[in-house]
Amino acid sequence: MQVGKQNVHFKSSEEISEVDDVDFIITSPPYWNLKDYQHDDQIGHDESYNKYISRLSSVWEECYKCSNEDAIMVINVGSRRSNKKFYPIAMDIYKNMDDWKLIDNLVWYKPNSLPQPAYYNDKLFDDKYEDLLIFSKNYDYNHTFNKIRIKQKYKDKETREHKMNDSGRGIGNVIKMRSYRPPTIKNQNYHTAAYPEELVYALMHTFSNENDTVLDPFVGSGTTLKVASKMNRFGIGYEINKEYKELIKDRINEDMRDFTWRELDILSEGYDSTDSNDSINGSIFDF
Ligand SMILES: C[S@@+](CC[C@H](N)C(=O)[O-])C[C@H]1O[C@@H](n2cnc3c(N)ncnc32)[C@H](O)[C@@H]1O
């Protein structure tokens, strides 16, 4: 299915032959044993944990083959508990990675995530974050990196030359963004496991440029492709469930709300975008 610069293949991403020279990959893989995406070839449903991790590995390998030498791959994934056992999925993805090199690990902090279920609640911390694993093909550091900066509040007081930057300070490796939660997500008719478009926007801004080719091997409702379309990137997606076709098309054509980099900043606690006329098009704001 082609929608403007966005192209979706309704098949398993365990075999990718329709694209090459990809610049940037961003995705959130299916959970393990949590959701049924209604397809015999889906990854993560009714299969062992080891099988799940190994099938994901084959998708990362396909992504490796179809991308260029300076490509970056971002995998967003949370940990999982099942029958009281803890599954650190991000760590296991890393341990089973063949060719990609891990160059960074960001935290997506979710201030609104739900408390643990009652039988864990008394003994465990509430789960407030997901990982964003950043992989490269080499350690050359030739990849695109458009650092997100916001204005420094105490810049005038800074005396250390090496800490000063007229463009502001970086937002750091913890990104704050509310996760979609029922019933909002249902009202919006989004996919139940959609990731926030602001998060995707921030990473796509950082690691790619206009007219680059962006790939998502697990499209779901199409968040990545919607953002790619708004940011003038060529998007390629793989999704096993054909029933998401109309949803993906609608989402690509949907408008994106204005937001500010400051909303993503862990130190700007309590900041409410509705109080401000700041727009996403400017990147430096008062802290
Ligand atoms: C966590 S969801 C992705 C959500 C997406 N990031 C969004 O914002 O809507 C994972 C998706 O992977 C799809 N999927 C599962 N196995 C697949 C496979 N082998 N190939 C391609 N897609 C698959 C599922 O149908 C589901 O839509």
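Keep in mind the model is a prediction, meaning the values are calculated, not measured.

A. Just the overall build of the chain, in detail. Counting secondary structure elements, the chain contains seven helices and 13 strands. A fraction of 69% describes how many contacts in the chain between residues 6 or more apart in sequence connect residues 24 or more apart.

B. Structural view of the pairing of strand β4 (residues 67-77). The buried fraction of β4 is high, at eight of 11 residues. Bridging between strand β3 (residues 22-27) and β4 involves five bridges; their strand directions are parallel. Its bridge partner lying in β4, F24 is registered against I72. The parallel pair β3 and β4, bridged by helix α1 (residues 49-65), forms a crossover whose chirality is right-handed. Bridge count for β4 against strand β8 (residues 129-136) is six bridges, and the pairing is antiparallel. Within β8, the residue paired with I75 across the bridge is L133.

C. Highlighting the sheet that holds β3. Spatial strand order, β1-β2-β13-β12-β3-β4-β8-β7-β11: nine strands in an open sheet with mixed pairing. Edge positions in the sheet fall to β1 (2-3) and β11 (174-176), since each of these pairs with one other strand and no more. The pairing of strand β12 (residues 213-216) with strand β13 (residues 234-238) spans four bridges and is classified as parallel. Residue pairing in the sheet places V214 in a bridge with G235 of β13. Across the sheet, helix α5 (residues 197-207) touches β3, β4, β7 (101-109), β11 and β12, and the angle it forms with β3 is around 155°.

D. Inspection of the nonpolar core at higher detail. Counting residues in each nonpolar core, the largest one holds 56 residues, and the members touching the most others are I25, M73, V74 and M204. No other element matches α5, which puts seven residues into this core.

E. Expanded view of the environment of H9. Assignment of secondary structure puts H9 in strand β2 (residues 6-9). For H9, a count of 18 C-beta atoms within 10 Å gives the class partly exposed. Note: C-alpha distance between H9 and V219 (210 residues apart in sequence) is 9.4 Å. Among residues more than four places away in sequence, those in contact with H9 are E18 and Y238.

F. Spotlight on the site of the ligand. Looking at the ligand, there are 21 residues lining it, with Y37, A194, F218, G220 and T223 nearest. For the shell around the ligand, the class distribution of residues is nine nonpolar, nine polar and three charged.

Conventions we followed
Residues numbered from 1 in each chain as written. Predicted model: local features only at pLDDT ≥ 70, side-chain atom pairs only at ≥ 80, totals over all residues. Helix = DSSP H or I, 4+ residues; strand = E, 2+ residues; numbered from the N terminus. Contact = placed C-beta atoms within 7 Å. Buried ≥ 20, exposed ≤ 12 C-beta atoms within 10 Å, placed from the backbone. Pairing = 2+ DSSP bridges. Right-handed = clockwise from strand over helix to strand, strands pointing away. Axes fitted to C-alpha atoms, helices over the stretch in contact; angles between N-to-C directions. Core = buried A, V, L, I, M, F, W, Y, C linked by C-beta atoms within 7 Å. Near = placed C-beta within 6 Å. Nonpolar A, V, L, I, M, F, W, Y, C, P; charged D, E, K, R; others polar.

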